[in-house]
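Examining the three-dimensional arrangement
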Amino acid sequence: MDARLARIAPAPAGNSFAEALLMGFARTPKEIACKYFYDETGSRLFDRICDLPEYYQTRTERALLQRYAPEIAALMGPDVEIVEFGAGSLRKVRPLLDRLKNPRAYTPVDISGDHLADMVRTLAADYAGLVVRPLVADFTLPMTIPTLLGRPRRAGFFTGSTIGNFKPDAAVALLRRMRSMLDGGGLLVGVDLVKDPGRLHAAYNDTAGITAAFNKNLLVRANRELGADFDPDAFAHYAPYNASARRIEMYLVSLRRQSVTVGDQRFEFAQGEPVHTEDSYKYTTESFREMAARAGFSPRAVWTDPERLLSIHWLES
Ligand code: AVI
């Protein structure tokens, strides 16, 4: 086993939940950035979302990766370093690692260091001889990936339709940054597709209420970490599909007029006032390819499932 913790880069200062929340609440409508969903409870709730019958994304993408791993591995070629952005549980990359010819290294990048260290131990035990070097970093911020000895060609792995959680201009900027981090290598991206609005609505408004709990966990987190006094029951989960913008919008809506304290600041909420917590953009295969081209990539292969729920794109630099 060769799982060198080659470099652990701390998340930069000045980007904390407290600062983000106070800045977000100064806007109209108020907002909380969606990357703060993922504390320990939020990550566990997200895992449950992935298993929901209404949330087709995770199982559809898993099946696509399983099915097309040989083709993807052939396009990536031999001797590559796989860089996974937002690696999470490190499970999704396995079918690809199983098919790649002589992968030189696997570099998972994730913001959650403790989780990453545990997951790396499990993965490294199953892939004897693979150089695994986790990077603890917020890949949405500018960062440099240290070069490995021999400078292997890189291939990026960015699945989970996370690109949809960025506004289109920010998504282009992120893809552009990834392109430069990959240093001439290609990028594999998972992208949720435009589809029947009813199907989309159901995926973000599940009958078991897990997505609602995931959304409200932002308030629970603020209470715990920032000494806020939100009453999560005084806010409703609201997640409509905006068909003209082709995005799910997620909000916490104040059910009554109320004031809430966060640290030493007080915030007023009118009855019915929304706090914006997430956008989840949906693309057609063509509109995503156009976006990737704006970021400087040459879109090559694209794979979709028979129902055309989700797509996986291979972009070359
Ligand atoms: C992580 N991301 C792609 C999910 C999505 O579908 O936009 C986050 C999520 N929000 C509610 N359910 C899932």
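Computed from a prediction, not measured in an experiment: that's the story for all the values here.

If you tally the helices and strands in the protein, you get nine helices and 15 strands. Its C-alpha atoms give the protein a radius of gyration of 20 Å, within 12% of the compact-globule value 20 Å for 317 residues. Overall size of the protein, expressed as C-alpha extent along the three principal axes, is 60 × 40 × 35 Å. Within the protein, contacts between residues at least 6 apart in sequence are counted, and of these 69% link residues at least 24 apart. Roughly 14,500 Å² of accessible area belongs to the protein as shown, and the carbon and sulfur atoms make up 51% of that amount.

Let's shift gears to the site of the ligand. In the neighbourhood of the ligand, 15 residues make up the surrounding shell, with Y55, N165, Y204, E278 and S280 lying closest. A distance of 2.6 Å is found between an oxygen atom of the ligand and a side-chain nitrogen or oxygen belonging to S280. For the shell around the ligand, the secondary-structure elements that each account for two or more residues are α2 (40–50), α8 (210–226) and β13 (274–281). When its residues are assigned to classes, the shell around the ligand shows seven nonpolar, seven polar and one charged.

This part is about the packing of aromatic side chains. Using the criterion set out here, one finds 20 aromatic pairs in the structure. Relative to F214, the ring of F37 has its centre 4.3 Å away and its plane inclined at 25 degrees; by these criteria the two rings are stacked. Here the residue F37 occupies a position in the loop between β1 (30–31) and α2, and F214 occupies one in helix α8, the gap between them amounting to 177 residues. Pairing F230 with F235 gives two aromatic rings, centres 5.9 Å apart and planes at 70 degrees, and the pair type is edge-to-face. On the basis of relative accessible area, F235 is assigned to the buried category, the value being 1%. By way of ring pairs, the aromatic residues F25, F230, F235, F267 and F269 are connected into one cluster. K30 extends its terminal NZ or CZ atom over the ring of F269, reaching a point 4.6 Å from the ring centre.

Core analysis: the largest hydrophobic core is formed by 37 residues, its most contacted members being L21, F25, F230 and F269. Elements with a minimum of two residues in this core: α1 (17–25), α2, α7 (197–203), α8, β10 (247–254), β11 (258–262) and β12 (265–269). Residue contributions to this core peak at six residues, all from α8. Excluding residues within four positions of it along the chain, L21 makes contact with I32, A222, L226 and V262. One finds L64, A73, A124 and F157 within the second-largest nonpolar core, a separate group that totals 30 residues.

On to the side chain of S254, then. Along the polypeptide, S254 turns up in strand β10. Within the structure, the side chain of S254 is placed 2.8 Å from the side chain of Q258, a separation counted as a polar contact. Filtering out sequence-adjacent residues up to four positions away, S254 remains in contact with A234, F235, F269, A270, Q271, G272 and E273.

Inspection of the entire model under this criterion finds 23 salt bridges. Notably, a salt bridge pairs E61 with K92, separated by 3.9 Å at the nearest N-O pair. Within this pair, whereas E61 is found in helix α3 (residues 57–76), its partner K92 is found in the loop between β2 (81–85) and α4 (94–99), the two being separated by 31 residues in sequence. Taking relative accessible area as the criterion, K92 reaches 32% and is therefore assigned partly exposed. Ionic pairing is found between R151 and D183, a salt bridge with its closest N-O pair at 2.7 Å. With a gap of 32 residues between them, R151 in the loop between β5 (135–136) and β6 (154–158) and D183 in the loop between α6 (168–181) and β7 (186–192) connect regions that are remote in the sequence. Looking at R151, the relative accessible area reads 55%, which means it is exposed. Sharing partners across several salt bridges, the network here consists of D39, R221, R224 and E225.

Thresholds applied
- Residues numbered from 1 in each chain as written.
- Predicted model: local features only at pLDDT ≥ 70, side-chain atom pairs only at ≥ 80, totals over all residues.
- Heavy atoms only, no water.
- Helix = DSSP H or I, 4+ residues; strand = E, 2+ residues; numbered from the N terminus.
- Rg over C-alpha atoms; globule rule 2.2 N^0.38 Å.
- Contact = heavy atoms within 4.5 Å.
- Areas by Shrake-Rupley, 256 points an atom, 1.4 Å probe, with all protein chains shown as cover.
- Near = heavy atom within 4 Å.
- Polar contact = N/O pair within 3.5 Å; in protein donor to acceptor, adjacent residues only side chain to side chain.
- Nonpolar A, V, L, I, M, F, W, Y, C, P; charged D, E, K, R; others polar.
- Phe/Tyr/Trp six-rings, centres within 6.5 Å; stacked < 30°, edge-to-face > 60°.
- Buried < 20%, exposed > 50% of the residue type's maximum accessible area, 1.4 Å probe, protein only.
- Lys NZ or Arg CZ within 6 Å of the ring centre and 35° of its normal.
- Core = buried A, V, L, I, M, F, W, Y, C linked by side-chain atoms within 4.5 Å.
- Salt bridge = Lys/Arg side-chain N within 4 Å of Asp/Glu carboxyl O.

Nothing here speaks to function; it is all geometry.
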